[in-house]
Amino acid sequence: MSHREHHYQVKVEWKGNKGRGTESYKAYDRLYDITAGDKSPISGSSDPAFLGDASCWNPEDLLVASASACHKLWYLHLCAEAGISVYTYIDRAEGTMREGEKGCFTSIVLKPQITLRPGDDIDRAVALHHRAHELCFIANSLNFPVTCQPTILHSARSSVDEQ
């Protein structure tokens, strides 16, 4: 197997100086922008529990979203290779973070709801989640459990075009 390296570069620019810098904990906003090349910027802040803006993405949201997206991409790839046609995939992933002397995530639970083409093998589709988890770059990089609780159904229609 090839051991290629991939490198990623992002810019995180803090936008929260209200004129007094970080003079005190409440003297600044937690707003920042994440950019990478020509991609659309992501507006970020901290979680509202840490004086952040609830309308912005926070690092914890982004971590859960990264785990979910990586798993989904591997899953779709594996289904395509196995001849299983996924019509819809919606994950309502949940992450749990514990505060303390050293705060940390304790788990992420992926909860994808998937619709397959009528007649496709649901048992095989469920099994492919285990393989997707084994291959997921993000899950392999985390030091806490990432689990998957899929719900898989067949489409009521035989073609996406008919929906």
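Structure's up top.
Residues numbered from 1 in each chain as written. Predicted model: local features only at pLDDT ≥ 70, side-chain atom pairs only at ≥ 80, totals over all residues. Heavy atoms only, no water.

**A short note on the layout of surface pockets**
Vacant regions in the atomic arrangement are exposed by a probe of water-molecule size rolled over the atoms. Approximately 610 Å³ is the volume attributed to the largest pocket. What lines the largest pocket is a set of 16 residues, among which H6, Y8, W74, L135 and F137 lie closest to the centre. Those elements giving two or more residues to the lining of the largest pocket turn out to be α1 (59-82), α2 (122-135) and α3 (137-141). For the lining of the largest pocket, a count of residues per class yields 9 nonpolar, 5 polar and 2 charged. Forming the boundary of the second largest pocket are Y8, Q9, V10, I34, T35, A36, K39, S40, I42, L62 and S66. (1 Å grid on protein atoms, 1.4 Å probe; cavity = no way out; pocket = protein on both sides within 12 Å on 5 of 7 lines; lining within 4 Å. Points joined across faces, edges and corners; volume = space filled by probe spheres on them. Helix = DSSP H or I, 4+ residues; strand = E, 2+ residues; numbered from the N terminus. Nonpolar A, V, L, I, M, F, W, Y, C, P; charged D, E, K, R; others polar.)

**Looking at unusual backbone geometry**
In this structure, L51 takes a positive phi of about 70° despite not being glycine. The topology assignment puts L51 in the loop between β3 (42-44) and α1. On the accessibility criterion, L51 (39% relative accessible area) is partly exposed. (Buried < 20%, exposed > 50% of the residue type's maximum accessible area, 1.4 Å probe, protein only.)

**Some details on the sheet that holds β3**
Paired through their backbone hydrogen bonds, the strands of a sheet run either parallel or antiparallel. Spatially, the 3 strands line up as an open sheet ordered β1-β2-β3, and their pairing is antiparallel. Single-partner strands in this sheet number two, and they are β1 (11-14) and β3. Looking at each pair of strands side by side, their axes are set apart by 25° on average, direction ignored. Relative to β3, strand β2 (residues 32-35) is paired through 3 bridges, and the arrangement is antiparallel. Counted as the bridge partner of Y32 is G44 from β3. (Pairing = 2+ DSSP bridges. Axes fitted to C-alpha atoms, helices over the stretch in contact; angles between N-to-C directions.)

**Looking at the environment of A67**
In this structure, A67 sits in helix α1. Separated by 73 residues in sequence, A67 and N140 have C-alpha atoms that sit 9.6 Å apart. When residues no more than four places from it in sequence are discounted, the contact partners of A67 are I108, L110, C136 and I138. (Contact = heavy atoms within 4.5 Å.)

**Examining the pattern of salt bridges**
Scanning the entire structure with this criterion turns up 8 salt bridges. Of the charged contacts in the structure, one is a salt bridge between R20 and E23, with a shortest N-O distance of 3.1 Å. Overall, E23 belongs to the exposed group, its relative accessible area being 58%. Between E94 and K111 there is a salt bridge; the shortest N-O distance is 3.2 Å. (Salt bridge = Lys/Arg side-chain N within 4 Å of Asp/Glu carboxyl O.)

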